[in-house]
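Structural overview
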Amino acid sequence: MSRTATSITGGELKIVRIASTVALGGFLVGFDATVISGAVPFLRDYFSLGGTSGSLKLGWAVSCLGWGAMAGNLGAGWLSDRFGRRSVLLLTAVLFLASSLAAALATGFPLFVAARICGGLAVGAAILTAPVYIAEIAPARSRGSLVSLNQLMIVIGISVSFFSNYFLLSLGAVSWRWMLGVDAVPAATYILLLLLVPESPRWLLSKGRKEAALAVLAGVHGSATAHRELELIQANLSTKSRYFGVRELLTGRLRRVMIFGFGIAFFQQATGINAIFYYLPTIFAQSGGGLSTSFAQSVFVGLVNVGMTFVAIWLIDRLGRKPLLCIGLTGATLSLLTISWAFHSATAPLGGDSPVSHANVVLIAIVGYVASFAISLGPVMWVMLSEIFPNEERAAAISVVGFWNSLVSASVTLLFPTEVAVWGPAGTFLAYGLLAAAGLVFVVMRAPETKGKTLEELEGILTRPKQVLGHCADGG
């Protein structure tokens, strides 16, 4: 009895260690994506991005990582199916390292953009591959929490980037180079740690490497459980791996889960989370604070993001996925509409001579929005995308949905400076708030509940035509 308990505990600890190591890719995703927020004030001056055309170029400089991520999304599924999840993660680590160094040393705008696009390739591949790997190695009872580790590391990366930018700000005009270049340290560390991680057992089995898959499963689940897991996985895998085109994914048994995947991926980004994170110090500075104060406020927002992600990890396998989405989208809607009201009631337009009269309301509402996102759309979307698709089609389906997610993200980030200039901040955040409300309606109507079910059980439930809508309606 004692030996069994010890064995189970040891296996669980090993799974946590492996999942935590793989999730470090999420740290790089978060850091690389939001570190640009600190560089924005300096990039405008260094690359002479003035006027209307300059605003578009600045939007391109900030959003180009998202456009690169789209290519990374599309390639991640095919590459991870062909070469393995672990191999793709190693490739992303190398790309993160190269991108950070090239961006930090860039002297021309085209080279800077190219370096950031390179980082986007890594972001797009890592943000899809890491959750899939963790889901494929985790037991059903703790899969939600373990996959959420990736989102936790993303928000920690975001928070650390705000800290790093704040402390490097004192270096003056060259501080943006250090802000971007420091990412090379965790990237190099990730390369070394991934060498200690085994390949996904489900991928190994899909390639006919039964003994290797059994060895990995035995190492993390124990010998007896490993054989049962192996039989269950094998029963659900097709005898031959094949490529799935977009048209095939959108028809037949996958149509309804793909619709949900596209919908949740759209609303995660359309509510403006990355536009806020990428321009956070700028938003705070223009709402009445100085540059240094705005960087400090960004640090505070980052800490809230991390703290609420811990709450999400604690609740996701207890409360469930759908309730968290409903709670978070309700909070996001109220917070975004409050931001819009605060800017609408300001004594001067954004960028005017007078500060926003409701600056504290803006800060509190942004904190509320980030907290709401951190317990819902942030971690829950990636958990559900790693769960709802069948084993054989999982990598291809997530690549397509991830591409769509990155397209929406890049578009929102690119257009944000122009939207603020044309609509004003009040109109911009009103649009985000209305989209969050639409997202809440979508979740209530379409979201299934995946808590506590194995990937194989979910495959049998969610890909049966005529049953998905019933599960969406009743949450289970």
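None of these values were measured; they are calculated from a predicted model. (Residues numbered from 1 in each chain as written. Predicted model: local features only at pLDDT ≥ 70, side-chain atom pairs only at ≥ 80, totals over all residues. Heavy atoms only, no water.)

**Focus on the overall build of the protein chain**
Note the cut-off: Every helix listed is a DSSP run of H or I at least four residues long, and every strand listed is a run of E at least two residues long, numbered separately from the N terminus. With a 1.4 Å probe rolled over the protein chains alone, any residue whose accessible area is under 20% of its type maximum counts as buried; one over 50% counts as exposed, and the rest are partly exposed. For this analysis, residues touch if any pair of their heavy atoms sits within 4.5 Å. For accessible areas, the Shrake-Rupley method is used with a probe of radius 1.4 Å. Any residue's cover is judged against the shown protein chains and nothing else.
Scanning the protein chain for helices and strands turns up 22 helices and 0 strands. Each of the 476 residues in the protein chain was classed as buried or not, and the buried ones make up 59%. In the protein chain, 83% of the contacts between residues at least 6 apart in sequence involve partners at least 24 apart. About 18100 Å² of surface is accessible on the protein chain, with carbon and sulfur atoms providing 67% of the total.

**Quick look at the packing of aromatic side chains**
Within a pair of aromatic rings, the relevant descriptors are the distance that separates the centres and the angle that separates the planes. Put simply, the test is: Aromatic pairing here means that ring centres of Phe, Tyr or Trp (its six-membered ring) are within 6.5 Å. Orientation follows from the plane angle: under 30 degrees is stacked, over 60 is edge-to-face, and everything else is tilted.
Counted according to the given criterion, the structure contains 21 aromatic pairs. A centroid spacing of 5.3 Å and a plane angle of 55° characterise the contact between Tyr46 and Trp176, whose relative ring orientation is tilted. With Tyr46 in helix H2 (residues 36-46) and Trp176 in helix H7 (residues 175-181), this residue pair connects regions lying 130 residues apart in the sequence. You can call Trp176 buried: its relative accessible area is 1%.

**Details of the pattern of salt bridges**
To keep things clear, this is the line we draw: Salt bridge, as used here: a side-chain nitrogen of Lys or Arg that lies within 4 Å of a carboxyl oxygen of Asp or Glu.
This structure, assessed with the given rule, holds 5 salt bridges. Measuring nitrogen to oxygen at the nearest pair gives 2.9 Å for the salt bridge that ties Arg85 to Asp81. In this structure, Glu136 engages Arg85 in a salt bridge whose closest nitrogen and oxygen atoms are separated by 2.8 Å. In this pair, Glu136 is assigned in helix H5 (residues 109-137) and Arg85 in helix H4 (residues 85-105), connecting sequence segments 51 residues apart. Across this residue pair, the class does not change: Glu136 and Arg85 are buried.

**So, helix H10 (residues 210-221)**
Each α-helix winds once per 3.6 residues, and so residues spaced three or four apart point in a common direction. For the record, the criterion: For a helix, the expected span equals 1.5 Å multiplied by the residue count minus one.
Helix length check: H10, at 12 residues, gives a terminal C-alpha distance of 16 Å against a target of 16 Å (1.5 Å per residue), a fit within 8%. Positive phi shows up at Gly222, right after H10, with a value of about 95°.

**Concerning the nonpolar core**
Operational definition: Here, nonpolar core refers to any group of buried Ala, Val, Leu, Ile, Met, Phe, Trp, Tyr and Cys residues whose side-chain atoms link them within 4.5 Å.
Phe112, Phe277, Ile366 and Phe389 are the most contacted members of the largest nonpolar core, which has 145 residues in total. For this core, the leading source of residues is H5, giving 16 residues. Phe277 has contacts with Thr34, Ser37, Ile158, Phe162, Val301, Asn305 and Val370, leaving out every residue within four places of it along the chain.

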